[in-house]
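Below are the chains, spelled out letter by letter.
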Amino acid sequence: MRMRGKVAIVTGAGSGIGRATALRLAAEGARVACVDLALDAARATAAAIEAAGGEAVALGADVTDERACARIVGDAVARFGRLTTLVNSAGVRPERRDPAPPPREWQRVVDVNLTGTYLASRAALPALAAAGGGAITNLASIYGLTGGSLSPAYAASKGAVVNLTRQMALQWAPAVRVNCVCPGVIETPMTAPLLEDPAWREAALRKHPVGRFGRPEEVAAAILYLSSDEAAFVTGVALPVDGGYTAA
Ligand code: NAP
């Protein structure tokens with residue numbers, strides 16, 4: 001039980017990597033606040049945790065809303081007594097592959113992926129610092145480390161998450177560790193529409209030396225490590241979980 005005694009908030013817990021992470025942290029002993037824009041989806045994840053014998057609460061919130069971020073932290077602490085762990089998995093991809101998206105689309109992607117990560121972290125940091133041994137893990141991307149994304153907004157938002165991670169790691173050491181993972185293409189509802197396009201799928205597959213795409217559980221395993229006390233000497237890192245994509 002690598003997360004015994006921990007209390008985690010996982011944003012974007014209703015789907016994909018966030019859902020897999022919430023389940024894994026709970027299976028390792030954490031009590032988990034499952035946060036999502038879609039409350040029903042958060043409830044489904046919390047119910048799956050409880051069905052497996054864990055403890056969870058479902059909270060609906062938009063991470064771009066400062067007051068909603070404060071509320072989820074307050075609710076998690078009220079329910080479980082403390083907060084040790086935050087995983088920022090709420091995120092969006094661009095609506096279409098547009099090399100020059102209009103300002104509104106740019107803003108939407110940056111608001112959720114970057115500003116949402118900042119706002120949830122900002123709300124959680126005092127409680128994480130007070131708990132001792134607190135940790136934040138952000139979801140960046142291979143597209144935060146390379147220019148390979150077809151979306152300027154997505155690439156910019158994820159590159160900024162990598163450097164936000166480093167800045168916060170320095171600012172909040174030693175009280176709170178802050179790291180991010182940089183997944184390659186993972187099979188989730190976010191990537192399903194892209195993977196339906198045979199040309200895109202084939203081209204993307206060629207860039208993953210292991211010869212396949214990743215599973216949400218494989219990213220959750222890395223997040224579990226970074227969230228646990230086994231990573232007590234690890235802060236400010238951007239860990240690729242990408243089947244070798246960024247080794248090229
Ligand atoms: P996903 O399956 O679409 O899950 C993302 C979840 O975040 C959804 O439940 C979504 O709710 C929720 N969400 C979106 N906007 C939100 C907001 N403003 N407030 C609260 N929740 C919000 O995506 P995923 O593939 O698991 O991705 C998770 C994270 O990993 C994202 O940050 C993504 O950019 C990153 N990532 C993914 C991949 C990949 O290949 N899948 C690779 C690298 C990085 P709705 O469905 O209701 O919008």
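Right, let's walk through the structure included here. The structure presented is a predicted model; accordingly, all values stated were derived computationally and were not measured.

What counts as what
- Residues numbered from 1 in each chain as written.
- Predicted model: local features only at pLDDT ≥ 70, side-chain atom pairs only at ≥ 80, totals over all residues.
- Heavy atoms only, no water.
- Helix = DSSP H or I, 4+ residues; strand = E, 2+ residues; numbered from the N terminus.
- Rg over C-alpha atoms; globule rule 2.2 N^0.38 Å.
- Buried < 20%, exposed > 50% of the residue type's maximum accessible area, 1.4 Å probe, protein only.
- Contact = heavy atoms within 4.5 Å.
- Areas by Shrake-Rupley, 256 points an atom, 1.4 Å probe, with all protein chains shown as cover.
- Lys, Arg positive; Asp, Glu negative; His and termini not counted.
- Charge placed at Lys NZ, Arg CZ, Asp CG, Glu CD.
- Pairing = 2+ DSSP bridges.
- Right-handed = clockwise from strand over helix to strand, strands pointing away.
- Axes fitted to C-alpha atoms, helices over the stretch in contact; angles between N-to-C directions.
- Near = heavy atom within 4 Å.
- Polar contact = N/O pair within 3.5 Å; in protein donor to acceptor, adjacent residues only side chain to side chain.
- Expected span 1.5 Å × (residues − 1).
- Salt bridge = Lys/Arg side-chain N within 4 Å of Asp/Glu carboxyl O.

1. Side note on the overall build of the protein
Each helix and strand in the protein was counted, giving eight helices and seven strands. Taken over C-alpha atoms, the radius of gyration comes to 17 Å for the protein, in line with the 18 Å a tight globule of 248 residues would show. In the protein, buried positions account for 50% of the 248 residues. A fraction of 70% describes how many contacts in the protein between residues 6 or more apart in sequence connect residues 24 or more apart. Total accessible area on the protein stands at roughly 10900 Å², and carbon and sulfur atoms take up 56% of it. With 25 positive and 22 negative side-chain charges, the protein shows a separation of 3 Å between the mean positions of the two kinds.

2. Concerning the pairing of strand β3 (residues 56–60)
Two elements, strand β2 (residues 31–36) and β3, share five bridges in a ladder whose sense is parallel. Within the sheet, the bridge partner assigned to V35 lies in β3 and is L59. At this point the chain moves from β2, through helix α2 (residues 39–51), to the parallel β3, and the crossover so formed is right-handed.

3. Quick word on the sheet that holds β3
Read from one edge to the other, the open sheet built from seven strands follows the order β3-β2-β1-β4-β5-β6-β7, with strand pairing classed as parallel. Edge positions in the sheet fall to β3 and β7 (238–241), since each of these pairs with one other strand and no more. Ignoring which end each strand starts from, the neighbouring axes of this sheet average 20 degrees apart. Set on the sheet, helix α5 (residues 152–172) makes contact with β5 (134–139), β6 (176–183) and β7; between it and β6 the angle comes to about 160 degrees.

4. Observations concerning the site of the ligand
Around the ligand, the structure places 28 residues, and the nearest of them are S15, I17, D36, Y154 and T188. Taking L37, its main chain carries an N or O atom lying 3.3 Å from a nitrogen atom of the ligand. Contact distances for the ligand include 2.9 Å between an oxygen atom and a side-chain N or O atom of K158. Within the complex, 87% of the 890 Å² of free accessible area of the ligand lies under protein.

5. Here's the deal with helix α1 (residues 16–27)
In a regular helix each residue adds 1.5 Å, so twelve residues correspond to 16 Å; α1 covers 17 Å between its end C-alpha atoms and thus fits that length. Considered for burial, the residues of α1 that qualify are G16, I17, G18, A20, T21, A22, L25 and A26. After α1 finishes, the residue G29 shows a positive phi value of roughly 105 degrees.

6. Regarding the pattern of salt bridges
Enumeration according to the criterion identifies 13 salt bridges in this entry. Here E95 and R108 are joined by a salt bridge, their closest N and O atoms 3.9 Å apart. Taken together, the residues span a long stretch of sequence, with E95 in the loop between β4 (85–88) and α4 (103–131) and R108 in helix α4 at a distance of 13 residues. For R108, a relative accessible area of 28% corresponds to the partly exposed category. Members of the salt-bridge network, linked through shared partners, are E95, R96, E105 and R108.

7. Quick look at unusual backbone geometry
That bond from A173 to P174 is cis: its omega, 0 degrees, falls within 30 degrees of zero. Following the sequence through the fold, P174 ends up in the loop between α5 and β6.

That is the geometry; function is a separate question.
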